[in-house]
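Understanding the architecture of this molecule
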Amino acid sequence: MKALAVFPAKREARVIDHPESRIVSPTEAKMRVLDVGVCGTDREIVDFQYGTPPEGFDYLVIGHESLSEVVEVGPQVSRVKAGDLVVMTVRRPCSHPSCIACREGRQDFCYTGDYTERGIKSRHGYMTEFVVEEERYLNVVPRPLRDIGVLVEPLTIAEKSLEQLGRIQQRLPWASPVEPGVPPGPGRRAVVLGAGPVGLLGAMALRVSGYDVAVYSRSPQHDEQNDIVTAIGARYIAAETHSIDQLAQLAGPIDVVYEATGASGFAFEVIKHLGPNAVFIFTGVPGRKGPIPVDTDRIMRDMVLNNQAIVGSVNAPPHSFEAAINHLGVFVSRWPDAVRALITRRFPIDQALEPLSSGAGGVKNVVAISS
Ligand code: BGC
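Counting restarts for each chain, with residues numbered from 1 along the sequence as it is written. Whole-chain, interface and lining totals are the exception, using all residues; otherwise, since this is a predicted model, local features are given only for residues with pLDDT of at least 70 and side-chain atom pairs are given and counted only at 80 or more. Note that water and hydrogens are dropped before the side-chain values are worked out from all heavy atoms of the structure.

Okay, the site of the ligand next. Surrounding the ligand, one finds Cys39, Thr41, Tyr50, His64, Val90, Arg91, Glu117, Ile120, Glu153, Ile157, Val314 and Asn315. Polar contact is defined as a pair of N or O atoms within 3.5 Å, subject to the rule that within protein one atom must be able to donate a hydrogen and the other to accept it, and that residues adjacent in sequence are counted only when both atoms are side-chain atoms. In the model, an oxygen atom of the ligand is placed 3.3 Å from a nitrogen or oxygen of the His64 side chain. Protein coverage of the free-state accessible area of the ligand, which is 310 Å², stands at 90%. When the residues that make up the shell around the ligand are grouped by side-chain class, the tally is 6 nonpolar, 3 polar and 3 charged. Note on definitions. A residue lies near a molecule or strand when any single heavy atom of the residue is within 4 Å of it. For every accessible area listed, the method is Shrake-Rupley and the probe measures 1.4 Å; residues are considered covered only by the protein chains on display. Classification used: nonpolar for Ala, Val, Leu, Ile, Met, Phe, Trp, Tyr, Cys and Pro, charged for Asp, Glu, Lys and Arg, polar for all others including Gly.

What follows is the structure, given as structure tokens:
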């Protein structure tokens, strides 16, 4: 079957003929892949900066944001059936008995670093025609979300981050409860850095969680993203025309920053403008460039004197996938056009390299493997 693979040693990326997987355990299911989203991680893999082939292979089939349809199930599979739409999680546990996180199914917090990730690290991914996977890694998506279900995985990044944020903010027992429809109270002023899919989905999740949201971004897709941001009741602040100081003036004391750019220098500039008791969440994974000067005295002083917290968040557990599926349903009923506008274009697998090139525009590009 067709698959998009990278050969890191040969520095090649192309559509290959990859052997079709078969169900070998009673708890596995086989899926026909429908849509695979393309993200910055995939672009880095295709640029040979990231990504590791599975043992015994000189190539890695990429793709970790997917929507598939179950076509066959093993005799012990009970939660899904043929015809169901599913999104698969990405990370698989390490094998060290001492890794309590992996042993408890929380490989998103793996201690050893020996986890694997489908389409990224030592396991083939989803940019192919059929995939076999254990039932416990499948999350059922309601049929009405067929056209946008591929957005579930990038939304899980925000879902895990928001859960972490909620846990940290429990330290402020007076903070107003998050209630849909209730105007944001103290502690609910959020800035999202970046208007790519992770940023925009994060902004939507923050809005439905009762936050006042400003999205700060430098982007050639300015108009398109501005429309989406405005439609969800958030404010777009363009980095081309507003400095970080101006952002801080416009946004007011910032309680939460959800970073979704991977631009570290820019992020540390924004840290200087956090309000008292603020939380800054990093989700971007910057490429390693040269060191950048940072005003560490000022940042450390402010962090201590203002009880600020900086937290990194990666990957997501199954309950974040459930939260993302539920939230996507809420988003589409509230802002149907804005949510659909997140998907810019669908490409057939033979043209999959096009959206993987760094010049591919748009918000979220998708490889449509089958319909
Ligand atoms: C994926 C995560 C993964 C991370 C690091 C992201 O693009 O969405 O699932 O853990 O990359 O590899």
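Now that the structure is up, let's keep going.
Only DSSP runs of H or I with at least four residues qualify as helices, and only runs of E with at least two residues qualify as strands; both kinds are numbered from the N terminus onward. Turning to its location among the elements, Arg118 is positioned in strand E8 (residues 116-118). Within the local environment of Arg118, its side chain forms a polar contact with the backbone oxygen of His124, the two atoms lying 2.9 Å apart. Side chain to side chain, Arg118 and Glu133 meet in a polar contact 2.8 Å long.

Should DSSP find at least two bridges between two strands, the strands are regarded as paired. Taken together, 3 strands build an open sheet; the order of strands is E7-E8-E9 and the sheet is mixed. In this open sheet, the two edge strands, each paired with only one partner strand, are strand E7 (91-92) and strand E9 (122-123). Where E7 lies against E8, 2 bridges are found, and the strand directions are antiparallel. Bridge pairing in E8 links Arg92 to Thr116.

Moving on to helix H7 (residues 264-271). Using a 1.4 Å probe on the protein chains alone, a residue whose accessible area is under 20% of its type maximum counts as buried, one over 50% counts as exposed, and one in between counts as partly exposed. Buried within H7 are the following residues: Ala267, Val270 and Ile271. Seen along its axis, H7 keeps its buried residues to an arc of 110°; they face one direction. Throughout, a residue-residue contact means that at least one pair of heavy atoms, one from each residue, lies within 4.5 Å. In this structure, the buried side of H7 is in contact with strand E12 (189-193), helix H6 (244-251), strand E15 (254-259), strand E16 (274-282), helix H8 (296-305) and strand E17 (309-312). Note that the arc is computed from the directions linking the helix axis to the C-beta atoms.

This next bit is on a nonpolar patch on the surface. Together, Met300, Val304 and Leu305 line one region of the surface with nonpolar side chains, adding up to about 350 Å² of accessible area. Tracing the backbone shows Leu305 in helix H8. Distance thresholds for patches are 9 Å for like charges and 5 Å for nonpolar side chains (Val, Leu, Ile, Met, Phe, Trp, Tyr), applied to residues having over 30% relative accessible area and no salt bridge. Salt bridges are defined by distance alone: a side-chain nitrogen of Lys or Arg within 4 Å of a carboxyl oxygen of Asp or Glu.

Moving on to the nonpolar core. Among buried residues, the Ala, Val, Leu, Ile, Met, Phe, Trp, Tyr and Cys ones that are joined through side-chain atoms within 4.5 Å form a nonpolar core. Membership of the largest hydrophobic core comes to 55 residues, with the highest contact counts inside it found for Met204, Val213, Leu328 and Phe331. Sort the elements by how many residues they give to this core and helix H4 (residues 197-208) lands first, with 7 residues. Contacts of Met204, omitting those with residues within four sequence positions, involve Ile228, Ile232, Phe331, Trp335, Ala338, Val339 and Leu342. With 27 residues, the next largest nonpolar core counts Met31, Val46, Leu60 and Met88 among its residues.

To continue, consider the packing of helix H3 (residues 152-169) against H4. The convention used is that axes are lines fitted to C-alpha atoms, helices contributing only their stretch in contact, and that angles between N-to-C directions extend from 0 to 180 degrees. One can describe the packing of H3 onto H4 by two numbers: an axis separation of 8 Å at closest approach and a directional angle of 50°. With respect to H4, the element H3 is oriented oblique. Note on packing geometry: the crossing formed by H3 with H4 is right-handed. For the pair H3 and H4, contact is made by Pro154, Leu155, Ile157, Ala158 and Leu162 and by Val198, Leu201, Gly202, Ala205 and Leu206, respectively. Looking at the contact of H3 with H4, its residues break down into 9 nonpolar, 1 polar and no charged. For classification purposes, an angle smaller than 35 degrees is called roughly parallel, one larger than 145 roughly antiparallel, one from 65 to 115 roughly perpendicular, and anything else oblique. Take the far helix as the reference: if the near one is turned anticlockwise from it by less than a right angle, the crossing is left-handed, and if turned clockwise, right-handed.

Here we take up the pattern of salt bridges. Going through the model one piece at a time under the given rule, you end up with 19 salt bridges. Here Arg346 and Asp35 are joined by a salt bridge, their closest N and O atoms 2.7 Å apart. Here Asp35 lies in strand E3 (residues 28-37) and Arg346 lies in strand E18 (residues 343-347), a separation of 311 residues in the sequence. Arg346 sits in the partly exposed class, given a relative accessible area of 36%.

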